[in-house]
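Summary of structural features
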Amino acid sequence: MPARPLDARALAALAANPGCRRRALLDGAGVDKAALADALGAPAAFGQSQFAFARGHAFETRVKADGGAELLRLVHERLDPTAEPPRQAEVADLAATNNEGRTARTALALREATEAGGWTLLDHPMLALQVAGSPAFLEPDAVVVHPDGTWTVVEIKSFPVLDGAADPAKVGAAARQAAVYVLALEEVAARLDPPPRVRDRVLLVCPKDFSNLPAASAVDVRKQRAVTARQLARLTRLEEIAGALPEGVCFSPELPAEELTAAVDAVPATYAPECLATCELAFHCRARALAAGEVTALGRSVRAELGGLRTVEEVLAAAHGEAGEEDDPAVAALRRAAALRAQALAAATAEEVPCP
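Read on for an overview of the structure. These numbers were taken from a predicted model, which means no experiment stands behind them.

Residues L298, V302, V312 and L316 make up a contiguous nonpolar surface patch of roughly 310 Å² in combined accessible area. Its relative accessible area of 30% is what places V302 among the partly exposed residues.

Here we take up the pattern of salt bridges. Counted according to the given criterion, the structure contains 18 salt bridges. As a salt-bridge pair, R78 and E77 come within 3.5 Å of each other at their nearest N and O atoms. The class for R78 is partly exposed, based on a relative accessible area of 42%. What you see here is one network of salt bridges that share partners, running through R23, D27, K33 and E280.

Here we take up the packing of helix α1 (residues 8-16) against helix α2 (residues 21-28). When two helices pack together, their arrangement is captured by the angle between the axes and the distance separating the axes. Two numbers describe how α1 lies on α2: the axes approach to 10 Å, and their chain directions differ by 160 degrees. Between α1 and α2, the angle is such that the two are roughly antiparallel. α1 and α2 meet at a crossing whose hand is left-handed. Residue-level contacts link A10, A13 and L14 of α1 to R23, A24 and D27 of α2. Its residues assigned to classes, the contact of α1 with α2 shows four nonpolar, no polar and two charged.

Take the environment of I241 next. You can see I241 is positioned in helix α9 (residues 238-243). By relative accessible area, which is 3% here, I241 ends up buried.

Among the nonpolar cores identified, the biggest contains 69 residues, and L11, L36, L129, W151 and F251 are the most heavily contacted of them. The biggest single contributor to this core is helix α7 (residues 168-190), with 12 residues. Not counting residues up to four positions away in its chain, the partners in contact with L36 are L26, V31, F251, P253, L260, V264 and L281. L71, A142, V154 and V205 belong to the second-largest nonpolar core, a separate cluster that totals 17 residues.

The strand order across the open sheet formed by six strands is β1-β2-β5-β6-β7-β8, and the pairing between neighbours is mixed. One side of each edge strand has no neighbouring strand; the edge strands of this open sheet are β1 (90-91) and β8 (214-220). Here strand β5 (residues 142-145) pairs with strand β6 (residues 151-156) via four bridges, running antiparallel. Paired with V144 across the bridge in β6 is T152.

The rules behind the values
- Residues numbered from 1 in each chain as written.
- Predicted model: local features only at pLDDT ≥ 70, side-chain atom pairs only at ≥ 80, totals over all residues.
- Heavy atoms only, no water.
- Patch = residues over 30% accessible without salt bridge, like charges linked within 9 Å, V, L, I, M, F, W, Y side chains within 5 Å.
- Areas by Shrake-Rupley, 256 points an atom, 1.4 Å probe, with all protein chains shown as cover.
- Salt bridge = Lys/Arg side-chain N within 4 Å of Asp/Glu carboxyl O.
- Buried < 20%, exposed > 50% of the residue type's maximum accessible area, 1.4 Å probe, protein only.
- Axes fitted to C-alpha atoms, helices over the stretch in contact; angles between N-to-C directions.
- Helix = DSSP H or I, 4+ residues; strand = E, 2+ residues; numbered from the N terminus.
- Parallel < 35°, antiparallel > 145°, perpendicular 65-115°, else oblique.
- Left-handed = near helix turned anticlockwise from the far one by under 90°.
- Contact = heavy atoms within 4.5 Å.
- Nonpolar A, V, L, I, M, F, W, Y, C, P; charged D, E, K, R; others polar.
- Core = buried A, V, L, I, M, F, W, Y, C linked by side-chain atoms within 4.5 Å.
- Pairing = 2+ DSSP bridges.

Take a look at the structure:
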């Protein structure tokens, strides 16, 4: 099966749930999770339509037309208004035969642009980021080198800005994705002497209202960058995850359903309701979590409140005094809640008036 590259969107989703070894292994191995979900009988319910993809491509092409003149104008206006206006900018040549070659060419172009001291646009550069011990190749929409030698990530999205405001959830997702690019750029900058500064504000470009005109805004990604860096550092190395699997495990969608299900279930998963919006295997994992009575299916906040209690059965046993330590705060809270519920039900039953 052809391997699927690990992109920034997948990395951002992985960083949001670093305890999920299943996603870490499948993404790191380049497994097509959408095809896997279809073969398991739990197809993914999200994704970008061909129409939306074509519209986004057309908008990006318009923003980068004329050597990126409009894009550089927006960067100057929103992020660096005191600098010399970009009257004539350079567009770096990043052509290479493979990902490793494009990554090296991008690093060279960034160094040359920084030394040149002018405006330079890198259209779809290739960056590498170490994730769980393996390299992930990332391709941001654009990177701009400022005259002062600083670098800015540019993220171009097709969702609209209506009356000056965009969907907060989509802006948040774009910020998390851009934070991954900032981390990768910082690794490139660290290899230069002196290391250039990667700006912690990125430029988000979206269509204005329902037109094809660009609207840009600066987005501070310091928080997203810190969270993503911390979460990615917590990921278990892929070799350790693979080493714990039975010999001969295979994730080919062409396997019989029973054999494929056993292979997928051999890798531990950490399901949360948020997975429904970010992972193709979410419906399969949710069904397994509900069948096992895992409290993670109720949400991360509930899971955090329950401490060491892992299943609904354990929670109910602790609430009824059949299990758990009395000095455990979670157990004490559950028993108090169970007592209050019993009192409320008893009071409601006593106040019922019999029908004539």
